[in-house]
Amino acid sequence: MSQSNSDLSLLGVFSLLSLLAIGGGTAVLPEMKQLTVEAHHWITDGQFRDIYALGQVAPGPNMLMVIVIGYHVAGTPGALIAFAGFFLPASTLALGASRLWNHFEGSPWRLALQNALAPIVVGLMAAGMIAIARTAITGTETTLLAIAVFALLYFGPKINPALLILAGGAVGYLTLS
């Protein structure tokens, strides 16, 4: 694929994902995985999982992972294109929607839309979690680790998730050694 074709593909893929990211970037993870791994073959399943994990540990929005994917495809220009493609359309749409949203304050239509979007966002986020789980949970050890992290976060004392990510990395390193 020529450089200009890959640049246009990057822009198209990440602009589309940007506009579909209702509820945040996690909502489009299944589609992002399908497009970047299966449709375009830009990265592998394992690379997608690792890039996502890096996005969770790095400071800032976790969807900065699109920069890493863009860089993998087309170097620095690809990173910039993926970043602009993913963040500019949604930001522009959000700006316009917020102005319209404020105009309809107190409207029954606005309340109905809010109530309808909430469960949709939860479903999209759950689909994103399942997409990552399918690449990350590969055996008994990773299943037990996922269950332990869930139990600690849901039932245990308040723990910084970054510490659990680091602990998971240490466990992974020790089991591979």
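How each quantity is defined
- Residues numbered from 1 in each chain as written.
- Predicted model: local features only at pLDDT ≥ 70, side-chain atom pairs only at ≥ 80, totals over all residues.
- Heavy atoms only, no water.
- Core = buried A, V, L, I, M, F, W, Y, C linked by side-chain atoms within 4.5 Å.
- Buried < 20%, exposed > 50% of the residue type's maximum accessible area, 1.4 Å probe, protein only.
- Helix = DSSP H or I, 4+ residues; strand = E, 2+ residues; numbered from the N terminus.
- Contact = heavy atoms within 4.5 Å.
- Domains from an automatic or database assignment.
- Phe/Tyr/Trp six-rings, centres within 6.5 Å; stacked < 30°, edge-to-face > 60°.
- Axes fitted to C-alpha atoms, helices over the stretch in contact; angles between N-to-C directions.
- Parallel < 35°, antiparallel > 145°, perpendicular 65-115°, else oblique.
- Left-handed = near helix turned anticlockwise from the far one by under 90°.
- Nonpolar A, V, L, I, M, F, W, Y, C, P; charged D, E, K, R; others polar.
- Expected span 1.5 Å × (residues − 1).
- Polar contact = N/O pair within 3.5 Å; in protein donor to acceptor, adjacent residues only side chain to side chain.

**Student:** Explain the nonpolar core residue by residue, including any values.
**Tutor:** The biggest cluster of nonpolar side chains holds 23 residues, and the ones touching the most others in it are F14, L17, M32, F48, M65, I69 and F86. Breaking this core down by element, the ones donating at least two residues are α1 (3-20), α2 (29-39), α3 (45-57) and α4 (65-103). Here this core gets six residues from one element, more than from any other, and that element is α4. Residues in contact with M32, not counting those within four places in the same chain, are F14, L17, V37, F48, M63, M65, V66, I69 and F86.

**Student:** Explain the domain arrangement of the chain residue by residue, including any values.
**Tutor:** When its domains are assigned, the chain resolves into domain 1 (3-135) and domain 2 (137-177). Using only C-alpha atoms to locate each centre, domain 1 and domain 2 end up separated by 25 Å.

**Student:** Can you tell me about unusual backbone geometry, naming the residues and giving the values?
**Tutor:** Phi angles above zero are rare outside glycine, and H41 is one such case at about 55°. When you line up the elements, H41 lands in the loop between α2 and α3.

**Student:** Quick rundown of the packing of aromatic side chains? Include the residues and the values.
**Tutor:** What characterises a pair of aromatic rings is the spacing of the ring centres plus the angle enclosed by the ring planes. The final tally for this structure, using the stated rule, is seven aromatic pairs. Here F86 and F87 contribute two aromatic rings whose centre-to-centre distance is 5.2 Å and whose plane-to-plane angle is 85°, an arrangement assigned as edge-to-face. Of the residues examined, F86 reaches a relative accessible area of 5% and is grouped as buried.

**Student:** Residue-level account of the packing of α3 against α4, with values.
**Tutor:** Packed helices, taken two at a time, are described by their axes: the angle between them and the distance between them. One way to put it is that α3 packs onto α4 with a least axis distance of 8 Å and a crossing angle of 140°. With respect to each other, α3 and α4 are oriented oblique. Considering how the two elements wind past one another, α3 and α4 form a crossing that is right-handed. Residue-level inspection shows Q47, F48, I51, Y52 and L54 of α3 in contact with α4, the latter providing M65, V68, I69 and H72. A breakdown of the residues in the contact of α3 with α4 according to their chemical character gives seven nonpolar, two polar and no charged.

**Student:** Tell me about helix α5 (residues 108-136), residues and numbers included.
**Tutor:** Here α5 is 29 residues long and its end C-alpha atoms lie 43 Å apart, about the 42 Å a rise of 1.5 Å per residue gives. Looking at α5, one finds that the buried residues are R110, V121, G128, A131, I132 and T135. Structurally, α5 contributes buried residues whose contacts are with α2, α3 and α4. Two to three positions downstream of the cap, the backbone nitrogen of W109 sits 3.1 Å from a side-chain oxygen, assigning the N-cap of α5 to S107.

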